[in-house]
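What the coordinates show
Spelled out from the first residue to the last, the chains are:
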Amino acid sequence: MKRFAIFASGSGSNAEAIWEAIERGELSGQCMLLVTDKPEAKVLERADRHHIQTFSFEPKAYASKSEFEWELLVLLEALHVDYIVLAGYMRLIGDVLLAAYPGRIINIHPSLLPAFPGKDAIGQALAANVSTSGATVHYVDAGMDTGPIIAQQEVDIAGCDRIEAAHRIQAIEHQLYPRVLQQVLNQQEVFK
Ligand code: GRF
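Here's a quick rundown of the structure.

How each quantity is defined
Residues numbered from 1 in each chain as written. Predicted model: local features only at pLDDT ≥ 70, side-chain atom pairs only at ≥ 80, totals over all residues. Heavy atoms only, no water. Helix = DSSP H or I, 4+ residues; strand = E, 2+ residues; numbered from the N terminus. Rg over C-alpha atoms; globule rule 2.2 N^0.38 Å. Buried < 20%, exposed > 50% of the residue type's maximum accessible area, 1.4 Å probe, protein only. Contact = heavy atoms within 4.5 Å. Areas by Shrake-Rupley, 256 points an atom, 1.4 Å probe, with all protein chains shown as cover. Expected span 1.5 Å × (residues − 1). Polar contact = N/O pair within 3.5 Å; in protein donor to acceptor, adjacent residues only side chain to side chain. Pairing = 2+ DSSP bridges. Axes fitted to C-alpha atoms, helices over the stretch in contact; angles between N-to-C directions.

1. Quick notes on the overall build of the protein chain
- Scanning the protein chain from terminus to terminus reveals 6 helices and 7 strands.
- The C-alpha radius of gyration computed for the protein chain amounts to 16 Å, which stays within 12% of the reference 16 Å derived for 192 residues, consistent with globular compactness.
- For the C-alpha atoms alone, the extent of the protein chain along its principal axes is close to 50 × 40 × 30 Å.
- Each of the 192 residues in the protein chain was classed as buried or not, and the buried ones make up 48%.
- Residue pairs in contact within the protein chain that sit at least 24 positions apart in sequence constitute 62% of those at least 6 positions apart.
- Summed over all atoms, the accessible surface of the protein chain reaches about 9300 Å², with 52% contributed by carbon and sulfur.

The following block contains the structure:
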């Protein structure tokens with residue numbers, strides 16, 4: 001069974017959807033660790049509820065991104081982690097982790113990439129007045145939401161305000177991410 005770590009910075013609803021899928025027997029994989037760069041993040045409470053080991057760090061306490069990524073790498077290797085799963089981790093992954101986990105870092109983004117990369121994808125979609133947006137799961141490279149796409153799902157956001165659009169997209173994310181991870185971690189053919 002593949003082992004993975006989740007990196008998150010915020011609420012952690014996607015992380016929790018992944019842990020629940022494991023608990024229901026729908027996702028075979030072992031979550032070894034939750035990493036957060038925000039020691040106050042709500043995701044830490046959710047991790048505790050699911051008995052997931054956590055590691056919080058303050059990026060400002062390190063001289064550089066490489067320095068904290070080396071520390072994370074030591075931890076990940078000690079736990080024999082095969083994949084890094086980003087779930088609302090609000091930082092670009094740097095050279096240290098990209099080199100150590102080539103093609104084994106995955107992210108979810110709340111738009112149909114390549115449309116609306118970067119911050120506030122839902123706000124960007126609403127400002128552009130599109131009627132359809134969605135969610136994308138992709139491999140991570142050095143760019144901002146630019147890596148190869150694994151799977152996408154459309155969401156109708158016509159006439160939605162921000163709260164409703166976010167609600168609809170998150171509901172899709174919570175189904176899509178565990179499903180795609182099941183395929184990626186178990187090397188099945190990934191649907192588009
Ligand atoms: C999700 O919408 C995800 O697509 C984006 O950040 C958000 C994280 O939400 N990368 P949560 O912390 O999982 O609730």
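Read on for the rest.
2. A short note on helix H6 (residues 162-185)
- A rise of 1.5 Å per residue sets the reference length of H6, with its 24 residues, at 34 Å; its end C-alpha atoms lie 33 Å apart and thus fit the reference within 8%.
- Between the side-chain oxygen of the N-cap and the backbone nitrogen of Ile163 there are 3.3 Å, and the N-cap of H6 in question is Asp161.
- Gln187 lies just past H6 and shows a positive phi near 55 degrees.

3. Examining the sheet that holds strand S2 (residues 30-36)
- A sheet is described by the order of its strands in space; here 7 strands give the open sequence S3-S2-S1-S4-S5-S6-S7, paired in mixed fashion. Strand pairing shows two members of the sheet lacking a second neighbour, strand S3 (54-56) and strand S7 (149-156), which therefore form its edges. Averaged over all adjacent pairs, the angle separating strand axes in this sheet is 20 degrees, with direction ignored.
- When strand S1 (residues 3-8) meets strand S4 (residues 83-86), the two strands line up parallel, connected through 4 bridges. Its bridge partner lying in S4, Phe4 is registered against Tyr83.
- Its contacts with the sheet place helix H1 (residues 13-23) against S1, S2, S4 and strand S5 (105-109), and it is angled at close to 155 degrees to S1.

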